[in-house]
Amino acid sequence: YGRVARHKGGNGSSLVDIDELGRYYRGRKDERRSKWQDKMPEATNWALSFEHCRESETTKHVHRLHPYKGKFIPQLAEYFLDRHTDRFKKKAIFAKEDLLLDPFCGSGTTLVQAAELGLHAIGVDVSPFNAFIANIKTGRFSIPAVERASNRILHKLTSASCHQETFQFDAELAQALSAFNREFFPSPEFKKKARSGEMDEKEYGQQKQRMFMRTYRKIVARHNIDLEFSATDTFIGKWFMPPLKEEIELAKREIDQQPDAAIRDLLKLILSRTVRSCRATTHSNLATLDQPVNYPYYCNKHGKICRPVLSIISWWKRYAADTIARLVEFDRLRSASHQACLAADSRTADLAALTKGAHPQLHRLLKDKKVRGIFSSPPYVGMIDYHEQHSYAYELFDFPRYDCDEIGPLAHGKGLAARTRYVEAIAAVLQNCQRFMVADCDVLLVANDQFGLYRQIAERVQMKIVQEHIRPVLNRSERDQGAYSETIFHLKRS
């Protein structure tokens with residue numbers, strides 16, 4: 001990125017001027033684009049949709065070490081942090097060696113991009129698990145040591161006695177399901193018929209699910225395996241089948257014995273990612289859990305009968321290898337700058353005190369240079385409960401929870417009282433941060449300001465909005481739905 005953006009078109013991949021790319025997208029006449037254009041403000045910068053980026057680019061290297069709802073794509077941070085200019089961004093805002101602040105750090109997207117671009121960065125997040133993710137993304141690890149540690153846990157899991165009966169049961173179930181799906185859900189014929197309306201997909205899927213359950217019960221009867229959830233109010237007890245819980249506990253014990261603290265934390269993140277993929281729910285409900293499922297079910301995502309996960313082994317193996325590959329890739333790109341995320345409330349956090357012992361380089365930069373500016377995406381009003389989305393990790397690793405300190409959580413809704421509290425809270429964060437910033441600081445906040453709150457916020461902290469960058473957010477998994485715009489507010493002191 002910078003002055004140019006990579007665009008993959010019909011003639012292959014080529015570099016194009018970002019202004020030209022914006023004109024290209026504004027000029028497209030297809031029906032889908034027309035629908036989106038009708039919904040977007042006239043001043044929308046279509047180049048900032050980054051629709052030309054493939055999914056592998058928007059989740060590049062360490063950005064995909066762990067799922068996280070509510071993060072922006074790295075290309076957006078890169079656009080505002082790098083040195084390029086165009087007709088929308090008329091001058092570079094930050095330079096190498098500047099100290100950047102993200103008071104709503106989330107999973108660390110800003111910190112990672114700062115590391116790529118040679119900027120120093122401090123993140124702050126009220127969620128200890130969010131700070132945990134961000135610090136691992138920007139951490140440095142001995143890759144051979146990580147490989148040895150992850151392989152040791154894999155060996156323990158595969159040789160454990162609790163795994164053997166589960167393996168035999170799952171292998172027989174998989175074989176039976178494969179034959180059943182080939183017969184009744186042939187690919188791609190079944191999906192074509194379902195999409196064209198030749199059949200009632202829901203009714204047909206439920207009918208075949210009931211048919212397969214007879215086979216399933218026979219397989220269960222042949223194996224001494226417990227598949228019933230225990231009566232419990234814990235997250236792990238409710239959402240994980242008994243064979244899985246035994247493996248999770250074994251992996252956690254092995255991780256706790258790892259002497260190197262950095263590698264121990266990285267292994268915890270791999271286990272957290274693994275555990276998330278193994279929850280007893282349907283594939284279409286992984287992001288928003290509905291009801292636990294401990295039997296084969298018709299999966300409308302894959303168009304066949306799927307089964308719950310009974311072992312973490314394949315997921316551990318996959319995510320350990322993926323994590324190592326992403327760390328190696330990021331190490332090739334990152335600079336020698338410093339980044340860290342502090343687990344604290346940005347409304348009251350004393351950055352100098354919090355960095356003094358734990359992060360001496362950042363403490364010295366904070367003292368000598370001060371913070372040059374902010375690039376951050378505050379939580380949107382009434383959209384996400386940030387602690388709740390990672391309940392399994394909080395419970396598994398005993399992270400303290402500060403749900404009551406979240407700003408604008410889903411639980412508070414979007415009513416007038418919630419919006420009033422939100423304005424007060426965001427203003428308090430900016431007010432607190434200003435004491436650590438240079439006089440001519442630049443504050444860029446990514447927001448879906450559907451209630452028009454950010455002008456009030458700016459006035460409260462005696463700042464003015466000098467520019468508004470409007471970008472379309474296009475749902476790439478459902479291309480004809482969910483398009484909306486968000487604004488990057490550029491604030492400076494009055």
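Please read all numbers here as calculations on a predicted model, not as lab measurements.

Draft legend 1. Region of the structure containing the overall build of the protein. If you tally the helices and strands in the protein, you get 19 helices and eleven strands. Relative to its 494 residues, the protein shows a buried fraction of 53%. Across the protein, contacts joining residues at least 24 apart in sequence account for 72% of those joining residues at least 6 apart. Approximately 22,900 Å² of the protein is accessible, and the part contributed by carbon and sulfur atoms is 48%.

Draft legend 2. Structural view of the side chain of lysine 208. Of note, lysine 208 is situated in helix α10 (residues 201–221). When neighbours within four sequence positions are excluded, lysine 208 is seen to be in contact with Phe180, Phe184, Phe185 and Ile305.

Draft legend 3. Up close: the packing of helix α7 (residues 143–159) against helix α12 (residues 242–256). Look at α7 against α12: their axes get within 10 Å of each other, and the N-to-C directions meet at 145°. The crossing of α7 and α12 is right-handed. Between α7 and α12, the residues in contact are Ile153, Lys156 and Leu157 and Glu247, Leu250, Ala251, Glu254 and Ile255, respectively. Classifying every residue of the contact of α7 with α12 by side-chain character gives five nonpolar, no polar and three charged.

Draft legend 4. Broad picture of empty space enclosed by the protein. Evaluation of the coordinates by the stated rule reveals three cavities of 30 Å³ or more. Considering only enclosed or pocket space, the largest cavity measures out at about 50 Å³ in volume. Every residue along the wall of the largest cavity is listed here: Pro379, Tyr380, Val381, Tyr422, Ala447, Asn448, Asp449, Gln450, Phe451, Leu453 and Tyr454. Tallied by class, residues from the lining of the largest cavity come to eight nonpolar, two polar and one charged.

Draft legend 5. Inspection of the packing of aromatic side chains at higher detail. In total, this model carries 23 aromatic pairs according to the counting rule given. Pairing phenylalanine 235 with tyrosine 392 gives two aromatic rings, centres 6.1 Å apart and planes at 45°, and the pair type is tilted. Placement of the pair is phenylalanine 235 in helix α11 (residues 235–239) and tyrosine 392 in helix α17 (residues 391–397), with a sequence separation of 157 residues. Look at tyrosine 422 and tyrosine 454: their rings are 6.4 Å apart centre to centre, the planes differ by 70°, and that puts the pair in the edge-to-face class. Here the residue tyrosine 422 occupies a position in helix α18 (residues 416–434), and tyrosine 454 occupies one in helix α19 (residues 454–460), the gap between them amounting to 32 residues. Across the pair, tyrosine 454 and tyrosine 422 agree in class, each one buried. Here the guanidinium or amino end of lysine 89 rests over the ring plane of tyrosine 79, the centre of that ring lying 5.7 Å away. Over the face of the ring belonging to phenylalanine 451 we find arginine 419, whose NZ or CZ atom lies 4.5 Å from the ring centre.

Parameters at a glance
- Residues numbered from 1 in each chain as written.
- Predicted model: local features only at pLDDT ≥ 70, side-chain atom pairs only at ≥ 80, totals over all residues.
- Heavy atoms only, no water.
- Helix = DSSP H or I, 4+ residues; strand = E, 2+ residues; numbered from the N terminus.
- Buried < 20%, exposed > 50% of the residue type's maximum accessible area, 1.4 Å probe, protein only.
- Contact = heavy atoms within 4.5 Å.
- Areas by Shrake-Rupley, 256 points an atom, 1.4 Å probe, with all protein chains shown as cover.
- Axes fitted to C-alpha atoms, helices over the stretch in contact; angles between N-to-C directions.
- Left-handed = near helix turned anticlockwise from the far one by under 90°.
- Nonpolar A, V, L, I, M, F, W, Y, C, P; charged D, E, K, R; others polar.
- 1 Å grid on protein atoms, 1.4 Å probe; cavity = no way out; pocket = protein on both sides within 12 Å on 5 of 7 lines; lining within 4 Å.
- Points joined across faces, edges and corners; volume = space filled by probe spheres on them.
- Phe/Tyr/Trp six-rings, centres within 6.5 Å; stacked < 30°, edge-to-face > 60°.
- Lys NZ or Arg CZ within 6 Å of the ring centre and 35° of its normal.

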